[in-house]
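Residue-level structural notes
Given next are the chains, with one letter for each unit.
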Amino acid sequence: MHAYVLKRYGGPESARMMEVPAPVPGPRDLLVEVRAVGLNPVDFKFRQGKLRAILRPRLPLVLGNELAGNVVAVGSQVGRFRVGDPVFARVAKERAGAFAEQACVDQDHAAYMPRTLDFTDAAAVPLAGLTALQTLRDLLGVKPGQKLFISGGAGGVGTFAIQIAKWLGAHVTTTASKRGEALVRSLGCDEVIDYTVQDLSSVESRFDAGLDLIGGKVLEQMFDIMKPGTMVVSVAGVPEPQTAIRDLGGRKVLSAVLWLISYGIRARARRRGVGYRYFFMHPSGRNLSLLAELIEQGKLKVVVDRTYPFAKIAEALDYVESGHAKGKVVVTIR
Ligand SMILES: NC(=O)c1ccc[n+]([C@@H]2O[C@H](COP(=O)([O-])OP(=O)(O)OC[C@H]3O[C@@H](n4cnc5c(N)ncnc54)[C@H](OP(=O)(O)O)[C@@H]3O)[C@@H](O)[C@H]2O)c1
């Protein structure tokens, strides 16, 4: 089968389309004929080797973290899915393998595709949709009437986060440029700050919860616009000790390293009386089923910015790496 394979960490030239053997499903796996895959910043960050301290799968590796397609075989212990079922999934982080004509998915990571979506839109949901759901509902515990600030609302995660926050009942403010403003408003965002003309330090509102999708200086400034006693969760900033303990399987040595690396950002948060967590999303078929329900009920729209054929996957990744996608980028496999 054709697959997009990473041979060594590096730039775009370090990954290429190759002919490889089809994967063999384990007892708990679904073998999926992949129809479309979603692209995410993690794909190029992983290719660059930026996640080496955290994820160390053996190379060469078929890249790709989320997919939609039809089940073509099931392992001996699979009960919930059958051959022919249309499914979507965020595959296991250390396994990847979605950028291929066939891929294996643990049954607990897969869900039935929303009946209202085609494969292209379904492939855009898992990674960004789960990230938004897990940060807002599980970490921030967003409640009706709360004032939520999201940095970077116009991208893949942001377009889901705005809608999920509205579903949870929050009043949502986000940052976007002129290019993204109409989009974030169409998704229900209450207030938009144009980050290209207004610095966060001049924002007068104070917020009950913060979700950071940008990192760096934006994250640092977010602590200044939060009410004391509140919490900022970032998926784009500096990982901290709890990331290693809670999201990466209790890795104590890594936790100590992250304690050092994150000292500055945690101190900054503490000075403002604000809690700080860096979160790694996790695959979950159960959470994905909830997103599928919201989509079928018309409460969650999927925003796909561009689609590319499989042969142009390198071009698609370049576009994601440009950092200007509005919603998601999808590659169709068949
Ligand atoms: N830890 C995890 O589990 C996890 C999971 C998912 C994602 N992430 C991370 O979260 C981040 C966001 O992911 P994504 O998929 O949403 O990225 P994305 O789709 O590539 O985001 C692109 C969007 O960000 C906007 N943007 C760029 N700089 C901005 C700024 N300074 N202020 C406001 N908006 C800005 C761009 O708008 P303009 O073009 O108008 O500038 C564009 O619409 C990435 O770093 C990703 O790696 C982490």
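Residues numbered from 1 in each chain as written. Predicted model: local features only at pLDDT ≥ 70, side-chain atom pairs only at ≥ 80, totals over all residues. Heavy atoms only, no water.

Quick look at the site of the ligand
Going by this rule: Throughout this document, a residue counts as near a molecule or strand when at least one of its heavy atoms sits within 4 Å of that molecule or strand. Nitrogen and oxygen atoms within 3.5 Å of one another constitute a polar contact, given that in protein one can donate a hydrogen and the other can accept it, and given that sequence-neighbouring residues count only through two side-chain atoms. Surface accessibility follows the Shrake-Rupley procedure with a 1.4 Å probe radius. Residue values consider only the protein chains on display as shielding.
Every one of the 25 residues lining the ligand counts as a neighbour, but Ser 177, Tyr 195, His 324, Ala 325 and Lys 326 are closest to it. Contact distances for the ligand include 3.3 Å between a nitrogen atom and a side-chain N or O atom of Tyr 278. Within the backbone of Met 281, a nitrogen or oxygen atom sits 2.8 Å from an oxygen atom of the ligand. Here the ligand has 940 Å² of accessible area as a free molecule, and 87% of this is covered by the chains.

Examining the layout of surface pockets
Counted only if it meets this: In this analysis the probe radius is 1.4 Å and the grid spacing 1 Å, with only protein atoms considered; a cavity is a set of points the probe fits into but cannot get out of, a pocket is an open set with protein on both sides within 12 Å along at least five of seven lines, and lining residues have an atom within 4 Å of a point. Grid points are joined across faces, edges and corners, and a volume is the space filled by probe spheres set on the points. Secondary structure counts use DSSP, requiring at least four H or I residues in a row for a helix and at least two E residues in a row for a strand, with both numbered from the N terminus.
For the second largest pocket, the calculated volume is near 220 Å³. As for the second largest pocket, its lining consists of 13 residues, and the residues nearest its centre are Pro 23, Val 62, Arg 95, Ala 96 and Gly 97. Among the elements that take part in the lining of the second largest pocket, strand 7 (residues 102–106) stands out by supplying 3 residues, more than any other.

As for the pattern of salt bridges
For clarity, the cut-off: Counted as salt bridges are all cases of a side-chain nitrogen of Lys or Arg within 4 Å of a carboxyl oxygen of Asp or Glu. Under the scheme applied here, a residue whose accessible area is under 20% of the maximum for its type counts as buried, over 50% as exposed, and between as partly exposed, the area being computed with a 1.4 Å probe on protein chains only.
Taken as a whole, this structure holds 17 salt bridges when the rule is applied. Its salt-bridge partner being Asp 247, residue Arg 277 comes within 2.9 Å of it at the nearest N-O pair. One end of the pair, Arg 277, is in strand 14 (residues 275–278); the other, Asp 247, is in helix 7 (residues 241–247), with 30 residues separating them in the sequence. Just as Arg 277 is buried, Asp 247 falls in that class too.

Describing helix 9 (residues 263–271)
Turning to helix 9, its buried residues are Ile 265, Arg 266, Ala 267 and Ala 269. Gly 273 occupies a position one or two residues after helix 9 and carries a positive phi of about 70 degrees.

Looking at the environment of Asp 199
By secondary structure assignment, the location of Asp 199 is in the loop between strand 11 (191–194) and strand 12 (207–212). You can call Asp 199 partly exposed: its relative accessible area is 33%. Considering only alpha carbons, one finds Asp 199 and Gln 221, 22 residues apart in sequence, at a separation of 8.9 Å. Within polar-contact distance, the side chain of Asp 199 engages the side chain of Ser 201 at 2.6 Å.

Examining the sheet that holds strand 9 (residues 147–151)
Two modes of strand pairing occur in sheets, parallel and antiparallel, and in both the strands are linked by backbone hydrogen bonds. Inclusion rule: Strand pairing is assigned whenever DSSP identifies at least 2 bridges connecting the two strands. Helix axes are fitted to C-alpha atoms over the stretch in contact, other axes to C-alpha atoms as well, and angles between N-to-C directions run from 0 to 180 degrees.
On the basis of which strands lie adjacent, the open sheet formed by 6 strands has the order 11-10-9-12-13-14 and parallel pairing. Of all the strands in the sheet, the pair left with one neighbour each is strand 11 and strand 14. Each adjacent strand pair in this sheet contributes to an overall mean axis angle of 15 degrees, direction not counted.

A closer look at the domain arrangement of the protein
Using the following cut-off: Where each domain starts and ends follows an automatic or database-derived domain assignment. Only heavy atoms matter for contacts: two residues are in contact if any of them lie within 4.5 Å across the pair. In this description, buried area is defined as the sum, over both parts, of the accessible area (probe of 1.4 Å) that is lost when the two are combined.
Considered domain by domain, the protein is made up of domain 1 (2–125 + 302–332) and domain 2 (128–278). For domain 1 and domain 2, the distance between their C-alpha centroids amounts to 26 Å. On the side of domain 2, 16 residues touch domain 1, which itself brings 15 residues to the contact. Regarding the contact of domain 1 and domain 2, the summed buried area is about 1100 Å², with carbon and sulfur atoms giving 63% of it. Considering only the side of domain 1, the residues that lose the most area to domain 2 are Ile 54, Val 303 and Lys 326, jointly responsible for 43% of the buried surface there. For the interface between domain 1 and domain 2, the tally reads 0 salt bridges.

Considering the packing of aromatic side chains
Counted only if it meets this: Stacked, tilted and edge-to-face pairs are distinguished by plane angle, under 30 degrees for stacked and over 60 for edge-to-face with tilted covering the rest, among Phe, Tyr and Trp rings (Trp via its six-membered ring) whose centres lie within 6.5 Å.
Inspection of the entire model under this criterion finds 6 aromatic pairs. Look at Trp 259 and Tyr 263: their rings are 5.5 Å apart centre to centre, the planes differ by 55 degrees, and that puts the pair in the tilted class. By relative accessible area, Trp 259 is classed as partly exposed at 43%. Taking relative accessible area as the criterion, Tyr 263 reaches 45% and is therefore assigned partly exposed. Look at Tyr 278 and Phe 280: their rings are 5.2 Å apart centre to centre, the planes differ by 70 degrees, and that puts the pair in the edge-to-face class. When its relative accessible area of 8% is taken as the criterion, Tyr 278 is described as buried.

A look at unusual backbone geometry
In the segment running from Leu 59 into Pro 60, the intervening peptide bond is cis, with an omega of 0 degrees. The residue Ala 96 is not glycine, and still its phi comes out positive at about 50 degrees. Mapped onto the elements of the fold, Ala 96 is located in the loop between strand 6 (86–90) and strand 7. Exposure remark for Ala 96: the relative accessible area of 8% places this residue in the buried category.

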